[in-house]
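# Overview (structure and organization)
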Amino acid sequence: MSILEGRVALVTGASSGIGEACAVTFAQKGAKVVLAARRAERLSALVERLEGMGTEALAVTTDVTDEAAVQNLFDQAVARFGTVDVLINNAGIADSTPVDEMPLELWQRVIQTNLTSAFLCSRAAFRVMKGKGRGRIINIGSISARVPRQ
């Protein structure tokens, strides 16, 4: 039996790539999975895939840079599954615009998506987890944290 059996994992950026892989892996280990991303049609397809694997899944189309949308995400997760045990902060965007050519608006969008969203989701998760005295928050990073782009 997996330690994730019956646990609830919430994955941001779940509609593709690492987020989708995390969701599938958690489902394979017996977790119930809450999927968050902006692309509703991809989330719906992933819910079908996960349910076909025998797990419960919930898709919540979410802009994780929006405080009210993040609260709605966690409210829906708790309403459906009673809790959130694991948060995977995976939502992020990459942009290879050279720093000397990057407009402030693009910089702010990257910061909102890559950093502010992790804060908003972590805060919401902590509020759920604190009362239980347990939980896990995992932040997915990028190689850009170690090897800056030019």
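Residues numbered from 1 in each chain as written. Predicted model: local features only at pLDDT ≥ 70, side-chain atom pairs only at ≥ 80, totals over all residues. Heavy atoms only, no water.

### Observations concerning the environment of D63
Stated precisely, the cut-off is as follows: Secondary structure elements follow DSSP: runs of H or I of four or more residues count as helices, runs of E of two or more count as strands, with numbering from the N terminus. Per-residue accessibility, obtained with a 1.4 Å probe over protein chains only, is compared with the maximum for each type, and a residue is labelled buried under 20%, exposed over 50%, and partly exposed between these values. Note on definitions: a residue-residue contact is assigned when non-hydrogen atoms from the two residues lie within 4.5 Å.
Examined against the element boundaries, D63 turns out to sit in the loop between β3 (57-61) and α3 (67-81). With a relative accessible area of 35%, D63 lands in the partly exposed category. As for D63 and R39, which are separated by 24 residues in sequence, their C-alpha atoms are 9.7 Å apart. Not counting the four nearest positions on each side in its chain, D63 is found in contact with R38, A69 and V70.

### Considerations on the pattern of salt bridges
What counts here: By definition, a salt bridge exists where a carboxyl oxygen of Asp or Glu is found within 4 Å of a side-chain nitrogen of Lys or Arg.
Overall, the coordinates contain five salt bridges when judged by the stated rule. The closest approach of N and O atoms between R80 and E56, which form a salt bridge, is 3.9 Å. Note that R80 is positioned in helix α3 and E56 in the loop between α2 (40-52) and β3, a separation of 24 residues in sequence. The class of R80 is partly exposed, set by a relative accessible area of 40%. Residue R123 is joined to E67 by a salt bridge in which the shortest nitrogen-to-oxygen separation is 2.5 Å. Here E67 lies in helix α3 and R123 lies in helix α4 (residues 104-132), a separation of 56 residues in the sequence. Its relative accessible area of 48% is what places E67 among the partly exposed residues. Beyond isolated ion pairs, a larger network of salt bridges with shared partners links D85, K132 and R134.

### Side note on the layout of surface pockets
Note the cut-off: Buriedness for pockets is judged along seven lines, at least five of which must meet protein on both sides within 12 Å for an open set on the 1 Å grid over protein atoms alone, while cavities are sets there where a 1.4 Å probe fits but cannot get out, and lining residues have an atom within 4 Å of a point. Grid points are joined across faces, edges and corners, and a volume is the space filled by probe spheres set on the points. Throughout, the ten residues Ala, Val, Leu, Ile, Met, Phe, Trp, Tyr, Cys and Pro are labelled nonpolar, Asp, Glu, Lys and Arg are labelled charged, and all others, Gly among them, are labelled polar.
When its volume is computed, the second largest pocket comes out at roughly 220 Å³. Taken together, I3, L4, R7, F26, D85, V86, R134, G135, R136 and I138 make up the full set of residues lining the second largest pocket. A per-class count over the lining of the second largest pocket returns five nonpolar, one polar and four charged.

### Here's the deal with the side chain of N90
Note on placement: N90 falls in the loop between β4 (86-89) and α4. Among residues more than four places away in sequence, those in contact with N90 are T12, G13, I18, G19 and I140.

### Quick word on the pairing of β3
In summary, the side chains of a regular strand alternate between the two faces of the sheet. Test applied: Paired strands are those between which DSSP finds at least two bridges. Crossovers are marked right-handed if the path from the first strand over the helix to the second runs clockwise, as seen with the strands pointing away from the viewer.
Where strand β2 (residues 32-37) and β3 come together, five bridges link them in parallel fashion. Within β3, the position partnered with L35 by the bridge is A59. Taken together, β2, α2 and β3 constitute a β-α-β crossover, and its handedness is right-handed.

### Examining the sheet that holds β4
Backbone hydrogen bonds are what pair the strands of a sheet, in a parallel or an antiparallel way. Applicable threshold: Angles here are taken between N-to-C directions and fall from 0 to 180 degrees, while the axes themselves are lines fitted to C-alpha atoms, restricted in helices to the stretch in contact.
Overall, parallel pairing links the five strands, which are arranged β3-β2-β1-β4-β5 in an open sheet. The open sheet is flanked by β3 and β5 (136-139), the only strands paired with a single partner. For this sheet, the mean angle separating the axes of adjacent strands, direction not counted, is 15°. The pairing of strand β1 (residues 8-12) with β4 spans three bridges and is classified as parallel.

### As for a nonpolar patch on the surface
Stated formally: Two distance rules govern patches: like charges are joined within 9 Å, and nonpolar side chains (Val, Leu, Ile, Met, Phe, Trp, Tyr) within 5 Å, applied only to residues with over 30% relative accessible area and no salt bridge. Areas reported as accessible are Shrake-Rupley estimates using a 1.4 Å probe. Residue values count occlusion only from the protein chains shown.
Taken together, the side chains of I18, I138 and I140 make up a nonpolar region of the molecular surface, amounting to roughly 230 Å² of accessible area. Within the secondary structure, I138 sits in strand β5. Residue class for I138 comes out partly exposed when judged on its relative accessible area of 36%.

### Structural notes on the pairing of β5
One ladder, built from four bridges, connects β4 with β5; its direction is parallel. Bridge assignment links N89 to a residue of β5, and that residue is N139. Running through α4, the crossover from β4 to the neighbouring parallel element β5 is right-handed.

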